[in-house]
Amino acid sequence: MKKIALLLLPLYITGCSVDNEGKEQSVADEVQVVAPIAKKVPKKMQIHGDERIDNYYWLRDDTRSDSEILAHLQAEEDYAMAKLAHTQELQDTLYDEMISRLKKDDSSVPYTKNGYTYQSKFVTGGEYRIYSRVKQGGSEEQVLLDANVLAEGKDYYANGSVEVSPDNGLLAYSEDLLSRRVYTIKFKNIHTGDMLSDELTGTNGQIIWANDSNTVFYIKKDPQTLLGFQVYRHTLGTKQEDDVLMYEETDKSFYTWIGKSLDDQYIEIFHNSTVSLGVSLLDANNPDGEFKLAHAIERDLEYSVQSHGEDFYILTNLDAKNFKIAKVAKADVGDKSKWVDVIEHREDTLISGLLVLNDALIFTQRENGLMGLRVMDLNTGKVAPVEFDESLYSVYLQNNVDFNADFVRVGYQSMTTPRSVYDVSLDLSSINLKKQDEVLGGYDAKQYHSERIMMKARDGADIPVSVLYKKDQFKGDGTNPLLQYAYGSYGSTNDPFFSDSVISLVDRGFVYVVAHIRGSSMLGRKWYDNGKLLKKKNTFNDFVDVTRELVKGKYGADDKIFAYGGSAGGLLMGAVINQAPELYRGVVAAVPFVDVVTTMLDASIPLTTNEYDEWGNPNEKAYYDYMLSYSPYDNVEAKAYPNLLVTTGLHDSQVQYFEPAKWVAKLREMKTDDNELLFHINMEAGHGGVSGRYKRYKDRALVYAFMLDLLSQ
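A short tour of the structure in this document, coming up.

Thresholds applied
- Residues numbered from 1 in each chain as written.
- Predicted model: local features only at pLDDT ≥ 70, side-chain atom pairs only at ≥ 80, totals over all residues.
- Heavy atoms only, no water.
- Helix = DSSP H or I, 4+ residues; strand = E, 2+ residues; numbered from the N terminus.
- Rg over C-alpha atoms; globule rule 2.2 N^0.38 Å.
- Contact = heavy atoms within 4.5 Å.
- Lys, Arg positive; Asp, Glu negative; His and termini not counted.
- Charge placed at Lys NZ, Arg CZ, Asp CG, Glu CD.
- Axes fitted to C-alpha atoms, helices over the stretch in contact; angles between N-to-C directions.
- Parallel < 35°, antiparallel > 145°, perpendicular 65-115°, else oblique.
- Left-handed = near helix turned anticlockwise from the far one by under 90°.
- Patch = residues over 30% accessible without salt bridge, like charges linked within 9 Å, V, L, I, M, F, W, Y side chains within 5 Å.
- Areas by Shrake-Rupley, 256 points an atom, 1.4 Å probe, with all protein chains shown as cover.
- Salt bridge = Lys/Arg side-chain N within 4 Å of Asp/Glu carboxyl O.
- Pairing = 2+ DSSP bridges.
- Expected span 1.5 Å × (residues − 1).
- Buried < 20%, exposed > 50% of the residue type's maximum accessible area, 1.4 Å probe, protein only.
- Arc of directions from axis to C-beta.
- Polar contact = N/O pair within 3.5 Å; in protein donor to acceptor, adjacent residues only side chain to side chain.

## As for the overall build of the protein chain
Inference 1: A tally of regular secondary structure across the protein chain gives 12 helices and 40 strands.
Inference 2: At 27 Å, the protein chain has a C-alpha radius of gyration in line with the 27 Å of a compact globule built from 713 residues.
Inference 3: Taken along the three principal axes of its C-alpha coordinates, the protein chain extends 90 × 65 × 55 Å.
Inference 4: Counted over contacts in the protein chain with a minimum sequence separation of 6, partners at least 24 positions apart contribute 56%.
Inference 5: For the protein chain, the centre of its 77 positive side-chain charges and the centre of its 106 negative side-chain charges are spaced 3 Å apart.

This is how it looks when you write it as structure tokens:
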């Protein structure tokens, strides 16, 4: 069938034939669906003496209201759904499997703060959490917030923060109705149930109460770039336009966050760029005061402070690539020469997290890529490890709200062990399992195997790889299908985690692999540094090299390899299929950052200027040339590509929808194969996908059905 350039909607043609008895019958296999073809409107872009022509730049509409663009996007969605229609039964089966593993009336582990015990829960049939509390010594549950009620009639609903005032009488909560991560803060009188008239719009969702229970601090977002850059003070009962600007970040390479110290002494502003981190402090008992930097912001210096009596403990990279923990008198915190090491720097160990309680210092660390938890007795100075049975796991600090607690609450999981919560006594005399997520349907961890293996990159680097499979499904002869996942940017590290949905793949014979490629911090900060800026291609090479080594090691069949990555991991997918498309049967690129050069040259796009220290500033020729050499959109060629499923949300605030839209349009124009190229666009969602506990499994089922269907062909 001839493709019509102006066609905006998929075309369905149903043929008819006549059977031997002369009766007319429908011929299903004559139904054809034609992909929408985007028109070409050349746009010339010049810099550094180089000229690029972007034929699909017209697909950008920041207002998301252009009827022609919306029609094209809807046509892509309709086309994808038509091409996947025959997998609907499989999608339904997968979806039913996934949600059948979830406990329908699940509750969080309770925690106690300021005389009340708090908990959130899901109830049967509910998509959203219910937040409640019980007064200590009492038994009557008080519902603070039922997000199911608030979400009624809305296409999207998400809560940011849910915070009770220090006097226990008021609830502040933030909500996003568009999936742009722009929140409105509302207030409720807990005792009467009445809503206050105060509403704070355009925020990042964070809410920090001052100790007077009448003042809150919040961050306002720039409506264009969506960066949180202004910290405001709001007094209850006043209008938002009368709020006091406490701090404004003028350096667009910085992110701004707020917090409160565990001992309730300070309101905190965190100033965070790719290479710098610092904090400003305000007495939480004096909200009308001024924020003051603990220590001056310096390039390549990262520090955060935690209050302890008259001292601060500091997690910092000062003369410590992999971070160390120091201590200083509060009066001297501005002089880093007076910071005294408490936990010294080690070349082979990255300190990744710190919690200071009244009697102990607790920190997480990564040694040779493996996580560990340590507790230091502040009275004796003794440091001891917290031991767990598995060798490959994740452990992390979780929901510690009491500075005077005699235990630390930690989260724990592995590729075979569901998410768990432990309370660890500070003297390590007890490790109490408070909860482990129930996986319904007969899940037995003993039937599954996970391991960490090292695989060689082309330059000789050893890449850590985490592997999961079901024992009775793994053949070890190179015939299993395999799904390889990675992210590889911003130093973000995917520690071994439990996925109740991945079970549906490994139960069907898939080997699931997470490649801890450069650009993450799996092997420390050097591992991150060797996967960014002018070394970014190591990230892509590592992924490809791991694939080849997995096939050599007979973990997966060479014609049954799938790859998945999202956001910056979507960039990874785009670069990988430009480099080695022949390796993959199918690739899923979720909300992919693929138009690197154009985006990084446009400071009006959210998150551009903040990212210069991650990707480089293409206004400098060296970075421009390097980015241009790997940018997936700019390097699409006339060649065969694997089967592709690309996903996005129209309202994505992190990676704008037009990046994958342009990429798909160019791939349709250039690719020489007959493989699938499907573009699934959620016209209601943003970067995180749909809202609700169960709805997100619909998209996972679709992705898995895409891969399983390809295996059946």
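We are not done yet, so read on.
## Quick word on the packing of helix H2 (residues 88-100) against helix H12 (residues 695-712)
Inference 1: Contact pair H2 / H12: the axes reach a minimum separation of 8 Å and the direction vectors enclose 130 degrees. Here H2 is positioned oblique relative to H12, judged by the angle of their axes. Seen along the crossing, H2 lies across H12 with a hand that is right-handed. Contacts between H2 and H12 involve Leu90, Gln91, Leu94, Tyr95, Met98 and Ile99 from the former and Tyr697, Lys698, Arg700, Ala701, Leu702, Tyr704, Ala705 and Leu708 from the latter.

## Some details on a negative patch on the surface
Inference 1: Together, Asp359, Asp402, Asp406 and Asp427 make up a region of like negative charge exposed at the surface.
Inference 2: Among the structural elements, Asp359 can be located in the loop between strand E25 (349-356) and strand E26 (360-367).

## Points about the sheet that holds strand E5 (residues 111-113)
Inference 1: As summarised here, the arrangement of the 4 strands in space is E5-E6-E7-E8, forming an open sheet in which the pairing is antiparallel. At either margin of the open sheet sits one strand with a lone partner, and together these are E5 and strand E8 (141-146). Here the average twist between neighbouring strands, direction ignored, is 30 degrees.
Inference 2: In this sheet, strand E6 (residues 116-121) lies alongside E5 in antiparallel orientation, the contact comprising 3 bridges. Paired with Tyr111 across the two strands is Tyr118, which belongs to E6.

## With respect to H2
Inference 1: In this model H2 runs 18 Å from its N-terminal to its C-terminal C-alpha over 13 residues, within 8% of the 18 Å that 1.5 Å per residue would give.
Inference 2: Listed in full, the buried residues belonging to H2 are Gln91, Leu94, Tyr95, Met98 and Ile99. Along the axis of H2, the buried positions cluster into a sector of 120 degrees, meaning they face one direction only.
Inference 3: Considering only its buried residues, H2 is in contact with helix H4 (503-506) and H12.

## Things to note about the environment of Asn204
Inference 1: Within the fold, Asn204 resides in the loop between strand E12 (195-203) and strand E13 (208-209).
Inference 2: The spatial distance from the C-alpha of Asn204 to the C-alpha of Lys532 is 27 Å, given a sequence separation of 328 residues.
Inference 3: Leaving out residues up to four positions away in the same chain, Asn204 has contacts with Arg181, Tyr183, Ile219, Lys221, Thr256 and Trp257.
Inference 4: Of note is the side chain of Asn204, whose polar atom sits 3.0 Å from the backbone nitrogen of Gln206.

## Some words on the environment of Ser420
Inference 1: Assignment of secondary structure puts Ser420 in strand E31 (residues 420-425).
Inference 2: Taking the C-alpha atoms as reference points, Ser420 and Val395, separated by 25 residues in sequence, lie 9.5 Å from one another.
Inference 3: Discounting residues that sit within four places of it in the chain, Ser420 has contacts with Val410, Gly411, Tyr412, Leu433, Lys435 and Gln436.
Inference 4: At 2.8 Å, the side chain of Ser420 forms a polar contact with the backbone oxygen of Pro418.

That is the geometry; function is a separate question.
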